[in-house]
Amino acid sequence: MPYTIGLHSAAAAFLSAGFATQFSVAIVICLVIVLVTAYHVEDGDEAPQSLPGPPFLSIFQLMNNTVIVLSGASARRAFFNAKGFDLTEGFKILSGAIPMVRGVTSGLQTKRISVIHKRLAAVQKNVPLSDLIPAILEDSRRVLESYGTSGTFDPFEKIYELMFQTTVRCLSSAEIADDAALVARLKTLYDRLDAGTTPATVLFPWLPTPAMIKKLWATKEIYDIVVRAIEAREQSGISKNDTLQMLVDSGDEKLVIVGFIMGLLIAGARATGTTASWMITFLGGHADFRQKAKTEVESLLGIYSDATTPSLSSRLAEIPLEVWESQAPVLDAIIRETLRLGQPHAAMRRNLGPEVYINDKLIPSGAYIIYRTFSTFPEPPQLGNKDNQYASTAFSDVHLDPTIYPDPWRFDPSRKEVESTANLPLPYVGWGVGKTTCLGTRLAKVELKLTVALFLLGFDHVLVDKNGNVPLAPPETKLERHPSMPTAGRIVLRQVHAHISRAVNYADHLPFSLFLV
Ligand code: HEM
């Protein structure tokens, strides 16, 4: 699964411009020489130093743009809270995820984004979110059953695919989500957008390179799929209980609906897909936490579901939303610890003004800012290979700080939560913080809990080595690659053999009802 920096980059960019604008702008730009306004920082005392600089603040030029890299406690606080630091504008130029030109549509953009955020909040209200539970579980059942009874796979491929399906279910229409071939096509197109992000597309977004043209076509195809779904729904006159219906009924302009689906799909699927893949990977190496999570879900089943309900996914669907949210502390802790180590984000901003000072250093208006993702902390045990890019987990500057998290590379969901204090601001930023806290947290957590619960109950799994046969005990081995390029984790699935022969009554629901019989 290709995966690039800036999960929310493409999302932010999609949200801010309609396809027609993006497409025509890119074409025009290919033909015309664009004069780009430069932001130059005088190298005075108050300017950050050029790279290589001190660990907390350094500066470089990306074409004509000033880019400042921050890290450290006070810089972190400023980064997440500064009024003029804008996430969407930051991602636009720094990620290069899709063709984008500075300043285009910026007048309309803020308003449109805030409507989209409002609709995202509406999807996560109690009733719609509860309504999504059976659908997420049904999708998960279908996908997980396709794994068969045993085998090995790369969780970053297969679990990611599963989360793509459930995210499409939650954020688009029943028609798209029900069409497995269309979901697969969408995933291919989004992967193409990611894979096409190269240094050249970041540095020269206006250059009609083959990669950029491929991305344009992928964007167009995604746009067409979404528009077709909207138009079909409007013309059918049939109302369905799904997110598309909520969007259509809200009476928003089509661009908002398209922006919602296109943008949030990529934000949601990438983030939940990567996180779920890491969860399964970590749990495959930590039988103790795996068992604790499984026991927690089984005990919820015992209390809230009817033992005669014939499938495991349906039984899990009987557990109410508020129970998943308030009575699953083990799953909560596993998600939290997974995000500490396997955070899929890179945080970027643009200072829309006014200029600000951080640690007495000037951050001018217009500058781009990145929260430093390269750890200065010791490499993890057993991984002395300099080719490994082990230390690049996003937010590693805080999440891998051994003074905050002793033995930081160890996956340990039983760690105590660290409170934010004046001396230690924002020790945990797995869901963002301050001005840019994740707006999809509620949905993401529910999706993660449901899919992982079904997986844990339906399968036994352990990590295996590259050859597929030696169980790997230390999950830290899985961290030998950059989490944003996670191809290392392979797991093996084993059906719970002791129960197989008793499953005859539930053959339709194989293998997920077996062990409960
Ligand atoms: C495990 C899954 C997820 C994780 C770990 C996650 C994490 C984050 C983080 C760290 C940020 C802040 C980024 C920054 O400060 O630069 C963020 C922002 C955001 N997330 Fe998520 N996210 C997840 C899933 C989702 C989903 C499913 C959606 C939507 C359906 C979503 C929508 C957003 C949006 C719209 C923002 C931008 C908020 C703003 O502009 O203020 N996220 N997320």
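Here the structure is a predicted model, which means the values were calculated and not measured.

About the criteria used
Position numbers for residues count from 1 along each chain, tracking the sequence in the order it is written. Under the rules for a predicted model, residues below a pLDDT of 70 receive no local features and side-chain atom pairs below 80 are neither given nor counted, while totals for whole chains, interfaces and linings still include all residues. Joining buried Ala, Val, Leu, Ile, Met, Phe, Trp, Tyr and Cys residues through C-beta atoms within 7 Å gives a set, and that set is a nonpolar core. Exposure classification rests on a simple neighbour count of other C-beta atoms within 10 Å of a residue's own: a residue reaching 20 or more is buried, one at 12 or fewer is exposed, and one in between is partly exposed. C-beta atoms are placed from the backbone. Secondary structure elements are defined from DSSP: runs of H or I of at least 4 residues count as helices, runs of E of at least 2 residues count as strands, and each element is numbered from the N terminus. UniProt positions are given in the numbering used here, feature names are shortened, and annotations may be inferred rather than shown by experiment. In this scheme, a helix's expected span is set at 1.5 Å multiplied by one less than its residue total. Bend, at a single residue, is the angle you get between axes fitted to the 7 residues ending at that residue and the 7 residues starting at it. Throughout, a pair of residues is in contact if the C-beta atoms placed from their backbones lie within 7 Å. Scored from 0 to 100, pLDDT records how confident the predictor is in each individual residue. Nearness between a residue and a molecule or strand is assessed with a C-beta atom placed from the backbone; a distance within 6 Å qualifies. Any residue outside Ala, Val, Leu, Ile, Met, Phe, Trp, Tyr, Cys, Pro, Asp, Glu, Lys and Arg is labelled polar, Gly included; the first ten of those are nonpolar and the last four are charged.

As a further point, take the nonpolar core. Of all hydrophobic cores here, the largest spans 78 residues; its most connected members are Ile261, Met279, Leu316, Val452 and Leu454. It is helix H13 (residues 254-285) that provides the largest number of residues to this core, a total of 18 residues. Core analysis: the second largest hydrophobic core is formed by 23 residues, Val67, Leu70, Ala78 and Phe395 among them.

Attention shifts here to the UniProt feature "transmembrane region" (unreviewed entry) in the protein. On the UniProt side, "transmembrane region" (unreviewed entry) is annotated at positions that read residues 12-36, 56-75 and 255-280 here. Helix makes up 100% of residues 255-280 and strand 0%, with an end-to-end C-alpha separation of 37 Å.

Before going further, it helps to examine helix H6 (residues 126-145). When the terminal C-alpha atoms of H6 are compared, their 29 Å separation across 20 residues agrees well with the 28 Å that a helix rising 1.5 Å per residue should span. At Ile133, H6 is deflected by roughly 30°, the largest bend along its length, and proline Pro134 occurs up to four residues later in sequence. Within H6, the full set of buried residues consists of Leu132, Ile133, Ile136, Leu137, Asp139, Ser140, Arg141, Val143 and Leu144. Those residues of H6 that are buried lie in contact with helix H7 (155-171), helix H15 (312-317), helix H16 (321-326) and helix H19 (441-458).

The next point concerns helix H11 (residues 210-236). In an α-helix there are 3.6 residues to a turn, and that puts residues three or four apart on one side. For H11, with 27 residues, the first-to-last C-alpha span of 39 Å sits near the 39 Å given by 1.5 Å per residue. Along H11, the residues classified as buried are Met212, Lys215, Leu216, Ala218, Thr219, Ile222, Tyr223, Val226, Ala229 and Arg233. Where H11 ends, the next residue or the one after it, Gly237, has phi of about 70°, a positive value.

Before going further, it helps to examine the confidence of the model for the protein. Scored by pLDDT, the protein comes out at a mean of 75, with 66% of its residues at no less than 70. Mean pLDDT across the secondary structure elements of the protein bottoms out at helix H2 (residues 19-31), with 43, and peaks at H16, with 98. This stretch, residues 20-43, has a pLDDT under 50; its non-local contacts, to residues over four places away or in other chains, come to 32 contacts. Overall fold confidence for the complex sits at a pTM of 0.82, while the interface term, ipTM, reaches 0.99.

The next subject is the site of the ligand. Contacts to the ligand come from 22 residues, most closely from Gly268, Ala271, Gly432, Cys438 and Gly440. The set of elements that each furnish at least two residues to the shell around the ligand consists of H13 and H19. Partitioned by chemical class, the residues of the shell around the ligand number 13 nonpolar, 9 polar and no charged.

So, about unusual backbone geometry. A negative phi angle characterises most non-glycine residues, just as the trans form characterises most peptide bonds. Between Gly353 and Pro354 the backbone carries a cis peptide bond, its omega angle lying at 0°. Locating Pro354 in the fold gives a position in the loop between strand E5 (348-351) and strand E6 (356-358). The phi dihedral of Asp360 falls on the positive side, at around 65°, and the residue is not glycine. Turning to its location among the elements, Asp360 is positioned in the loop between E6 and strand E7 (361-363).

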